[in-house]
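A look at the structure
Take a look at the letters that make up each chain.
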Amino acid sequence: MSNIETKVVESLFSMQDLEYKRFHAKLIPSVQEELIIGVRTPELRKYAKDFAKTDEAKEYIKILPHNYYEENNLHAFILEQIKDYDECIAEVERFLPYVDNWATCDMMAPKVFQKNRERLLEKIKIWIKADDTYTIRFAIEMLMKYFLDDTFDVMYPEMVAEVNSEEYYVNMMMAWYFATALAKQYDLTLPFIENKKLDKWTHNKAIQKSVESRRITYEQKDYLRTLKIK
């Protein structure tokens, strides 16, 4: 372990909360519990915000893979702070193959992506066809975060519907995407559910999440319930 890694890990352990570790470990079964330190996310984000301003942070993100779950989350939070789009996208693509759980994947949302959505979309089209579970999940997450409002186009849910995966964490993100799309773009998204464009599990999970949403009307929920696949 390099000096910078040792310093970072010591800092992370100084923020350890063992009760939180035991609780959080149950939420991310794909990560061994001994690799979870137990740092609460607000504390880690605060640490990352300060650390990202240092030269050590630039050195740290060159070191892959990391040992601990929180190191990966720290890495993700540092990438969020990169202001140059080309630099940020290069570092995200270098990091994605090492993302090994849904939480790290879902936490990462670089701020510079917001102002570079056209260029980001070209990357999403590549990521969504990857073989790696969390690269695909990240692609769908980016479509959900940046392409469901003023820039929405029906081609985006079509991209998601075309994903064919047996991976739970991909299909769960697909369901989450369609539930959110129904909340924000109901009329344009509904045909994907009516025409059963998703596999049975993802289809029903998307409906379940929609029915649980406060952003969908009671009338819409009642209709969606009739579309469940038995």
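That block above? That's the structure.
The rules behind these values
Residues numbered from 1 in each chain as written. Predicted model: local features only at pLDDT ≥ 70, side-chain atom pairs only at ≥ 80, totals over all residues. Heavy atoms only, no water. Phe/Tyr/Trp six-rings, centres within 6.5 Å; stacked < 30°, edge-to-face > 60°. Helix = DSSP H or I, 4+ residues; strand = E, 2+ residues; numbered from the N terminus. Buried < 20%, exposed > 50% of the residue type's maximum accessible area, 1.4 Å probe, protein only. 1 Å grid on protein atoms, 1.4 Å probe; cavity = no way out; pocket = protein on both sides within 12 Å on 5 of 7 lines; lining within 4 Å. Points joined across faces, edges and corners; volume = space filled by probe spheres on them. Nonpolar A, V, L, I, M, F, W, Y, C, P; charged D, E, K, R; others polar. Axes fitted to C-alpha atoms, helices over the stretch in contact; angles between N-to-C directions. Parallel < 35°, antiparallel > 145°, perpendicular 65-115°, else oblique. Left-handed = near helix turned anticlockwise from the far one by under 90°. Contact = heavy atoms within 4.5 Å. Salt bridge = Lys/Arg side-chain N within 4 Å of Asp/Glu carboxyl O.

As a further point, take the packing of aromatic side chains. In total, this model carries twelve aromatic pairs according to the counting rule given. Here Tyr 134 and Tyr 169 contribute two aromatic rings whose centre-to-centre distance is 6.1 Å and whose plane-to-plane angle is 35°, an arrangement assigned as tilted. Separated by 35 residues along the polypeptide, Tyr 134 in helix H9 (residues 133-146) and Tyr 169 in helix H11 (residues 168-184) bring together distant segments of the chain. You can call Tyr 169 buried: its relative accessible area is 18%.

Take the layout of surface pockets next. Here the largest pocket is characterised by a volume of approximately 350 Å³. Forming the walls of the largest pocket are 15 residues, and the residues nearest its centre are Ala 52, Ile 78, Gln 81, Ile 82 and Lys 83. At the level of secondary structure, the elements contributing two or more residues to the lining of the largest pocket comprise helix H4 (55-60) and helix H5 (69-80). Residues of the lining of the largest pocket, tallied by class, amount to six nonpolar, two polar and seven charged.

Two elements in contact, H5 and helix H6 (residues 85-95), have axes whose closest approach is 10 Å; the angle formed by their N-to-C orientations is 160°. Between H5 and H6, the angle falls in the class roughly antiparallel. Where H5 crosses over H6, the handedness of that crossing is left-handed. In this structure, H5 uses Asn 72, His 75, Ala 76 and Leu 79 to contact H6, whose residues at the interface are Cys 88, Glu 91, Val 92 and Phe 95. Across the contact of H5 with H6, the residue classes tally to five nonpolar, two polar and one charged.

Quick look at the pattern of salt bridges now. Summed over all chains, the structure comprises twelve salt bridges. Between Glu 91 and Lys 62 there is a salt bridge, with its nearest N and O atoms 2.6 Å apart. A residue pair is termed long-range when its members are at least 10 positions apart, and Glu 91 in helix H6 and Lys 62 in the loop between H4 and H5 qualify at 29 residues. For Glu 122, the salt bridge identified is with Lys 125, shortest N-O distance 3.5 Å.

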